[in-house]
Structures are given as C-alpha cells and as structure tokens.
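# Observations on the model geometry
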Amino acid sequence: MSDKSSDAIKPWGGRFSEPTDAFVERFTASVDFDKRLYHHDINGSIAHATMLGEVGILSEQEVQDIINGLEAIREDIVQGRFEWSVSLEDVHMNIESALTQRIGVTGKKLHTGRSRNDQVATDIRLYVRDEIDSLLETLLRLQLALLDLAEREADTIMPGFTHLQTAQPITFGHHMMAWFEMLERDAGRLRDCRARMNFSPLGAAALAGTSYPIQRETTARLLGFSGPTRNSLDSVSDRDFAIELAAAGSLIMTHLSRFSEELVLWTSSQFDFIDLPDRFCTGSSIMPQKKNPDVPELVRGKTGRVNGHLIALLTLMKSQPLAYNKDNQEDKEPLFDLIDTLRDCLKAYADMMPAIQPKKEQMARAALKGYATATDLADYLVRKGIPFRDAHEVVGKSVAYGISQQKDLSELRLDELRQFSQQIDEDVFTVLTLEGSVQARRHIGGTAPEQVRAAVAHYRALLASR
Ligand code: ARG
C-alpha cells in the first residue's frame, strides 16, 4: 500500500486549501478493508457506464474504453499488481483514479450521475448477495450430510434428555433431524434476507437522485436486481440487510453452538456416545491421553463474535439521521468478519458431520441406565384402565425399587413389578424395551425409525425441488 501524500490527487480536493492531516487521512480511509469489494465495485461501474451509454450521456467508444479499462484493472487486482493507496481513501476512488490514469479523460466521466453513496450501497448489496448464495451452498451441504446421517442411524437408539437427565429413548436419526430443522429455518432466513435486499440503489446518487436522464431499471437489470429501490434517501442510508444477515447469522451460530455443546458432551468419556475422527481433534501438549474436540469448541466460541457484530451493526444504525453518514463506513468490518466466520464454521460442520460415528452399544446402555422407558410403563398401565396419575405413582415406586436393586425396569421380574400393580402382566416386557418404546412413537414428528425415514424423504424431496 503506497502512502503518496496526495492533496493533488484527491478527487474532491477542489474546495480545500490545505492537505488532509496525515493521521486524519489514515483514520478516515477504508481501503484497507473495503478493497475486498473491488469485484462488485467494477461490476457496478460497468453497469452504470453501460446505462450512461444507452441514454446517450457517454458515447459508445467512451463506454467501451471504460469497460476495457475496468477489466484491465480487475486483472491487475486479481494478479496482485494493483497498488492500493490510502490517500485515495477507499476502493471506489482507488479504482476510479486508476481508470483515469489508464484511459485518460474518459475515466473522469464515469462518475456522472452517481455518488460514492449509492455506489457503496450497491457494492455492498452485490457482495452480500453473493455471500448469501455461497453460505446457502455450504448450509445445504451440511443439511444433506445430516439427512444421510439420520437415514443411516434411523434405528440407532440413544437416551433423549430433558434437563440433561435421561428422559425417554429416542433414535440418533431423530436427534440429527432436530438439528436439521434448525438449519432449515436458518436457510429460510437467509433466503428471505436476500429477497428483501435485492433492489438496486444505483441512481439515488448522493441522496436526492440525479438531474441526468438515467435509467435505473437498466442498471438494476444488468446487475441482477429485482428492480430499483423506491426512495433515494433510504437507498443510500439503509443497512437493514446487513443487520438482517447478522441476525440470521447469530441464529446460525446459536444453532452450531448447540450442536457443538452436544458433540463436546458426547465425545467425553463420561458420555462416550460418539467418536470424532482424529483429523477433527487436537491433543494436549502436557496430557498425553487427551483428544480434544477443538473444532466444536471453537465454533461454540465464535458465536460470541458473531453476536457482537450484530450488536455493532444495530448500534451503528441507531439514531442515524437520513441520509448517508460516514458512520456507515463502519458497517464493513463487522459484516465481513461475520460472513468469514459463518463460512468457516459452516464448512467445518459440513466436513465433520459425515465422519461422526455413533457408539451404539454405549448409547443403548445409557438409555437403559436412565429408566428411559418409565413413561412407557405408565402408558401401559393407562391402557389397562388405570388413571394416568395413579400409573405415574406406580411407576415411580417401580423405579425406586429398580434403583435399590440396581436393575432397569426391563430387568425386573414380573413378580417384582406386580408388587406395585396387579395389572402388570407378561406383555409388559415388550413395551419396556428401548426398541418398543421408540417404535410406539410413530406419528408425524415422532422418534420411531419409520418416522425418521419419512422425515428424511420429505426433506430430500423439498431440497431437490429448490
Ligand atoms: N468509503 C465510504 C463508505 O464505505 C464510501 C462512501 C463515502 N461517501 C462519502 N460521502 N464520504 O461508506
């Protein structure tokens, strides 16, 4: 990055009588971070120049020179040959100035009928739109991995928890589909945000529109927007889409942090429910026995930083008067970092998910240890005509007896069970098995293996139809 002192080259230098203070120049510059918008800035400029040509403000030759110049600049940037300058403040003025250097006076005509305010509003929407598309792709990869895992483990039994106490047996596939549901809502939120955001602010100019006979529909169409925005003041000041993405991103991270917490618990020797392959774990420099679930832990930790960016963006916009204010330059770093973080965390999960190996025996044993079929015994007694509250009492006593004998309900003898109710017969043992318990819950949304497979099929069809 060069630091030419530059009072002469400032595009807005006309009304100034002394050069910018060196510190102020650095303080107000954004090029260090907004240069990542170069691709979208160039695309926006090409659309703008094309439109200026169509309405006769630029000649055909001028439009062609501008497009060739911008493409050459894009190539320089891609090849790492472009020299960014802090004194040119931001990505927009760096590229415009390079264009003029390259093609001469025609370059100075590009900014006709536009301002950096609608320019940056356009660039950032184009950037966010692309990033949402790529986040959705990675999210889909993770969703498909969950569907595969759920299908593979539709019959695998584990304890289901409430209050982190063993509650009822469920299937591992059912648990994976609960995660899937969270991500499916996340995908919907990303798509909503994209659709609401996809309108072109180009032409709003500084704040009030422009006196040139521009065609806003043309630039909107060229850039793939649904149409132009409808109010120039709002166009240059609105950053709702950044906040919406951050809010959707915070929820994604909240979900990933919940998956992470469960993976961390499940890989512990206390639970010992799953195996996470070595390539997703690290060791300890002092304790040779350790294999730590670093990836889930780190994802869980990164939730804080995305939540922080959401608060930063909300606070940035709070009380801002219309229209554009320099405050808005502060939208970029939180936005970029939250997108980068989301991309990495979703990738980590999409890569890791297919590698998760449930330990079936340990999970089944844990379900048995926790009296997970107690509700099934109560339901059995209700079917024999006992009111639910009385059945609850009978089962409570049976469980207490089982604890004293260190036996699961299914391991008690019939005569032991009949101490608590004469209604209990030999057929009780089918409902007391873990398999009998999960199979009994076979309505929509229940944990029965057939329902897990039905949910997988439902979502496979839905994802394929998009
Ligand atoms: N770098 C600025 C930003 O990111 C571009 C817009 C500057 N506009 C202005 N009137 N100073 O917001």
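Residues numbered from 1 in each chain as written. Predicted model: local features only at pLDDT ≥ 70, side-chain atom pairs only at ≥ 80, totals over all residues. Heavy atoms only, no water.

### Brief notes about the packing of helix 11 (residues 294-317) against helix 12 (residues 332-352)
Each pair of packed helices gets described by two things: the angle between the helix axes and the distance between those axes. For clarity, the threshold we go by: Note on method: axes are straight lines fitted to C-alpha atoms, helices fitted across the in-contact stretch only, with angles between N-to-C directions ranging 0 to 180 degrees. Helix numbering and strand numbering both begin at the N terminus, where a helix is a DSSP run of H or I of at least 4 residues and a strand a DSSP run of E of at least 2. Convention used here: angles under 35 degrees read as roughly parallel, angles over 145 as roughly antiparallel, angles from 65 to 115 as roughly perpendicular, and any remaining angle as oblique. In this scheme the crossing of two helices becomes right-handed for a clockwise turn of the near helix relative to the far one and left-handed for an anticlockwise turn of less than a right angle. Pairs of residues are marked as contacts when any of their non-hydrogen atoms sit within 4.5 Å. Classes in brief: Ala, Val, Leu, Ile, Met, Phe, Trp, Tyr, Cys and Pro nonpolar; Asp, Glu, Lys and Arg charged; the others, Gly included, polar.
Following both chains from N to C, one finds helix 11 and helix 12 inclined at 155°, their axes separated by 10 Å at the closest point. The orientation of helix 11 relative to helix 12 falls into the category roughly antiparallel. Between helix 11 and helix 12 lies a crossing whose hand is left-handed. Listed contacts from helix 12 to Val 295, Pro 296, Val 299, Lys 302, Arg 305, Val 306, His 309, Ala 312 and Leu 313 of helix 11 are Pro 334, Asp 337, Leu 338, Thr 341, Cys 345, Ala 348, Tyr 349 and Met 352. Along the lines of polarity and charge, the residues of the contact of helix 11 with helix 12 split into twelve nonpolar, two polar and three charged.

### Comments concerning the site of the ligand
The criterion, for reference: Throughout, near means a residue has at least one heavy atom within 4 Å of the molecule or strand. Residues adjacent in sequence count toward polar contacts only when both atoms are side-chain atoms; beyond that, a polar contact is any pair of N or O atoms within 3.5 Å, and within protein one must be able to donate a hydrogen and the other to accept it. For the area figures, the Shrake-Rupley method with a 1.4 Å probe applies, and any residue is considered shielded solely by the protein chains shown.
Neighbouring the ligand are Ser 30, Asp 34, Asp 90, His 92, Arg 116, Asn 117, Val 120, Tyr 324, Gln 329 and Lys 332. Within the contact set of the ligand, a nitrogen atom lies 3.3 Å away from a side-chain nitrogen or oxygen of Ser 30. The contact in question runs from a nitrogen atom of the ligand to an N or O atom on the side chain of Asp 90, over 3.0 Å. Computed on the free molecule, the ligand has an accessible area of 340 Å², of which 85% lies beneath the protein chains in the complex. A total of three residues in the shell around the ligand trace back to one element, the largest contributor, which is helix 6 (residues 116-152). In terms of residue class, the shell around the ligand is made up of two nonpolar, four polar and four charged.

### Focus: the pairing of strand 2 (residues 165-171)
Counted only if it meets this: At least two bridges found by DSSP between two strands are what make those strands a pair.
For strand 1 (residues 157-162) and strand 2, the ladder comprises six bridges, and the chain directions are antiparallel. Bridge pairing in strand 2 links Gly 160 to Gln 168. Between strand 1 and strand 2, which pair antiparallel in sequence order, lie two residues; one of them, His 163, sits at a positive phi of approximately 55°.

### Regarding unusual backbone geometry
The test is simple: Burial classes follow relative accessibility: with a 1.4 Å probe on protein chains only, a residue under 20% of its type's maximum area counts as buried, one over 50% as exposed, and anything between as partly exposed.
Look at the link from Leu 322 to Ala 323: it is a cis peptide, with omega at 0°. As for its placement among the helices and strands, Ala 323 is situated in the loop between helix 11 and helix 12. You will see that His 163, though not glycine, has its phi angle at about 55°, which is positive. Among the structural elements, His 163 can be located in the loop between strand 1 and strand 2. Owing to a relative accessible area of 75%, His 163 belongs among the exposed residues under this scheme.

### Considering the nonpolar core
So the rule is basically this: In this description, a nonpolar core means a group of buried Ala, Val, Leu, Ile, Met, Phe, Trp, Tyr and Cys residues linked to one another through side-chain atoms lying within 4.5 Å.
Of all hydrophobic cores here, the largest spans 94 residues; its most connected members are Leu 245, Leu 256 and Trp 266. Per-element tally for this core: the top contributor is helix 6, with 13 residues. Those residues within four positions of Leu 245 in sequence are excluded, and the remaining contacts are Val 128, Ile 132, Leu 135, Leu 190, Cys 193, Leu 335, Leu 338 and Ile 339. In terms of nonpolar packing, the next biggest core, distinct from the first, is built from 19 residues, Ala 378, Ile 386, Tyr 401 and Val 428 among them.

### Thoughts on the pattern of salt bridges
Going by this rule: Put simply, a salt bridge is a Lys or Arg side-chain nitrogen that is within 4 Å of an Asp or Glu carboxyl oxygen.
Under the criterion given, the structure shown has 38 salt bridges. A salt bridge links Glu 261 to Arg 300; the nearest nitrogen and oxygen atoms lie 2.5 Å apart. Within this pair, whereas Glu 261 is found in helix 10 (residues 240-267), its partner Arg 300 is found in helix 11, the two being separated by 39 residues in sequence. Residue Arg 305 is joined to Asp 337 by a salt bridge in which the shortest nitrogen-to-oxygen separation is 2.8 Å. One end of the pair, Arg 305, is in helix 11; the other, Asp 337, is in helix 12, with 32 residues separating them in the sequence. Judged by its relative accessible area of 40%, Arg 305 falls in the partly exposed class. Several salt bridges share partner residues, and in doing so they unite Arg 36, Glu 131, Asp 340 and Arg 343 into one network.

### Considering the packing of aromatic side chains
Counted only if it meets this: Classification of ring pairs uses Phe, Tyr and Trp, with its six-membered ring standing for Trp, and accepts pairs whose centres are within 6.5 Å; under 30 degrees between planes counts as stacked, over 60 as edge-to-face, and the remaining range as tilted. Ring-over charges, as used throughout, are those where CZ of Arg or NZ of Lys falls within 6 Å of the ring centre and within 35 degrees of the ring normal.
Across all of its chains, the model carries 13 aromatic pairs by this definition. Their ring planes at 25° and their centres at 6.4 Å tell us that Phe 161 and Phe 273 sit as a pair that is stacked. In this pair, Phe 161 is assigned in strand 1 and Phe 273 in the loop between helix 10 and strand 3 (274-275), connecting sequence segments 112 residues apart. Among the residues examined, Phe 161 registers a relative accessible area of 28% and is labelled partly exposed. The exposure class of Phe 273 is buried, given its relative accessible area of 1%. Taken together, the ring pairs connect Phe 172, Trp 179, Phe 259, Trp 266 and Tyr 349 into an aromatic cluster. Lying across the ring of Phe 16, Arg 15 places its NZ or CZ 5.9 Å from the centre. Sitting over the ring of Phe 225, Arg 129 keeps its end group 5.1 Å from the ring centre.

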